[in-house]
Amino acid sequence: ELKVEQNPLFLSMQEGKNYTIYCNYSTTSDRLYWYRQDPGKSLESLFVLLSNGAVKQEGRLMASLDTKARLSTLHITAAVHDLSATYFCAMSMEYGNKLVFGAGTILRVKS
Amino acid sequence: DAMVIQNPRYQVTQFGKPVTLSCSQTLNHNVMYWYQQKSSQAPKLLFHYYDKDFNNEADTPDNFQSRRPNTSFCFLDIRSPGLGDAAMYLCATSRDLYRLQDYEQYFGPGTRLTVT
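Residues numbered from 1 in each chain as written. Chains lettered and ligands numbered in written order. Predicted model: local features only at pLDDT ≥ 70, side-chain atom pairs only at ≥ 80, totals over all residues. Heavy atoms only, no water.

Things to note about the overall build of chain B
Moving on, step 1. Counting its regular elements, chain B contains zero helices and eleven strands.
Moving on, step 2. Traced from its N-terminal end to its C-terminal end, chain B shows the element sequence β-β-β-β-β-β-β-β-β-β-β.
Moving on, step 3. For 116 residues, the compact-globule formula gives about 13 Å, and the C-alpha radius of gyration of chain B, at 14 Å, lands near that figure.
Moving on, step 4. Its C-alpha atoms give chain B principal-axis dimensions of about 40 × 30 × 30 Å.
Moving on, step 5. Relative to its full complement of 116 residues, chain B shows a buried share of 50%.
Moving on, step 6. Partitioning the contacts of chain B with sequence separation of at least 6, the portion at a separation of at least 24 is 57%.
Moving on, step 7. Here chain B has roughly 5,700 Å² of accessible surface; of this, 48% comes from carbon and sulfur atoms. (Helix = DSSP H or I, 4+ residues; strand = E, 2+ residues; numbered from the N terminus. Rg over C-alpha atoms; globule rule 2.2 N^0.38 Å. Buried < 20%, exposed > 50% of the residue type's maximum accessible area, 1.4 Å probe, protein only. Contact = heavy atoms within 4.5 Å. Areas by Shrake-Rupley, 256 points an atom, 1.4 Å probe, with all protein chains shown as cover.)

Things to note about the side chain of Gln 105 of chain B
Moving on, step 1. By the element assignment, Gln 105 of chain B lies in the loop between β9 (87-94) and β10 (106-107).
Moving on, step 2. At 2.8 Å, the side chain of Gln 105 of chain B forms a polar contact with the side chain of Tyr 35 of chain B. (Polar contact = N/O pair within 3.5 Å; in protein donor to acceptor, adjacent residues only side chain to side chain.)

A word on the state of the cysteines
Moving on, step 1. Taken as a whole, this structure holds two disulfides over all chains when the rule is applied.
Moving on, step 2. Paired by a disulfide, Cys 23 of chain A and Cys 89 of chain A hold their sulfur atoms 2.0 Å apart. On the sign convention where negative is left-handed, the bridge of Cys 23 of chain A and Cys 89 of chain A, at about 80° about the S-S bond, is right-handed. Of this pair, Cys 23 of chain A sits in strand β3 (residues 19-25) while Cys 89 of chain A sits in strand β9 (residues 85-92), and the two are 66 residues apart along the sequence. For the pair Cys 23 of chain A and Cys 89 of chain A, one class covers both residues: buried.
Moving on, step 3. With its sulfur 1.9 Å from that of its partner, Cys 23 of chain B forms a disulfide with Cys 91 of chain B. The sign of the S-S torsion, about -70°, decides the handedness of the disulfide formed by Cys 23 of chain B and Cys 91 of chain B: left-handed. Of the two residues, Cys 23 of chain B is situated in strand β3 (residues 19-25) and Cys 91 of chain B in strand β9; the sequence distance between them amounts to 68 residues.
Moving on, step 4. Taking relative accessible area as the criterion, Cys 23 of chain B reaches 0% and is therefore assigned buried.
Moving on, step 5. A relative accessible area of 0% places Cys 91 of chain B in the buried class.
Moving on, step 6. Note on Cys 74 of chain B: no disulfide assigned, nearest cysteine sulfur contributed by Cys 91 of chain B at a separation of 6.1 Å. (Disulfide = S-S within 2.5 Å.)

What to know about the pattern of salt bridges
Moving on, step 1. Summed over the entire model, instances satisfying the criterion amount to four salt bridges over all chains.
Moving on, step 2. For the salt bridge of Asp 38 of chain A with Arg 36 of chain A, the shortest nitrogen-to-oxygen distance reads 2.9 Å.
Moving on, step 3. The salt bridge partner of Lys 98 of chain A is Glu 57 of chain B, with a shortest N-O separation of 2.9 Å. One end of the pair, Lys 98 of chain A, is in the loop between β9 and β10 (99-101); the other, Glu 57 of chain B, is in the loop between β6 (53-56) and β7 (64-67), on a second chain.
Moving on, step 4. Classification of Lys 98 of chain A as partly exposed rests on a relative accessible area of 26%.
Moving on, step 5. For Glu 57 of chain B, a relative accessible area of 15% translates into the label buried. (Salt bridge = Lys/Arg side-chain N within 4 Å of Asp/Glu carboxyl O.)

Quick notes on the sheet that holds β3 of chain B
All names here are of chain B.
Moving on, step 1. Strand order in the open sheet formed by four strands is β1-β3-β8-β7, with antiparallel pairing between adjacent strands. Lying at the two open borders of the sheet, with one neighbouring strand each, are β1 (4-7) and β7. Going across the sheet, the axis of each strand differs from the next one's by a mean of 20°, ignoring polarity. (Pairing = 2+ DSSP bridges. Axes fitted to C-alpha atoms, helices over the stretch in contact; angles between N-to-C directions.)

In structure tokens:
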């Protein structure tokens, strides 16, 4: 059974600081996704990582995938308040493309 | 714009009173999914349709049913809602299931269900 673990679950950071969210998973899979969710809203797709060594960047966020270590990271550079949200990583199972989500990381960026 | 639409955005129902949530898509995707997300939890897949083929998750309660009358629409029926069914229900679509580039799921805005 695929398990996805995220840490930390809660992250409070100062504006301008850097930090990394970690996503570990239990079985081999080549599809990893990062989503953002604002309170009361749906999921917004941030990154799709499909191969070992994949690195994608959008603004202050950068995601990477290491399939050998079964690890993905979401790195935040010079955080700003607008990045405050819950971030989920998710992997999809081979059959049916079922998404299995990590527990989510609540990010609060303080001014 | 091609998109995934959910109606209503907010639904209040009484304990035990059947309720139907609606999802439509203009993406012409083959696969449609229903996820349940309870407060402060991650979304959890209930079931999905691949074209007309229905696939239920093993731990989805019998109280939850789904219908897909055509490519564009998919409905979630809760036959006898309990207080524990209060959640955000998210509909998602993906183009297909057989190529990596078709796997990405596109989420609708969600329906927040309250059970009184």
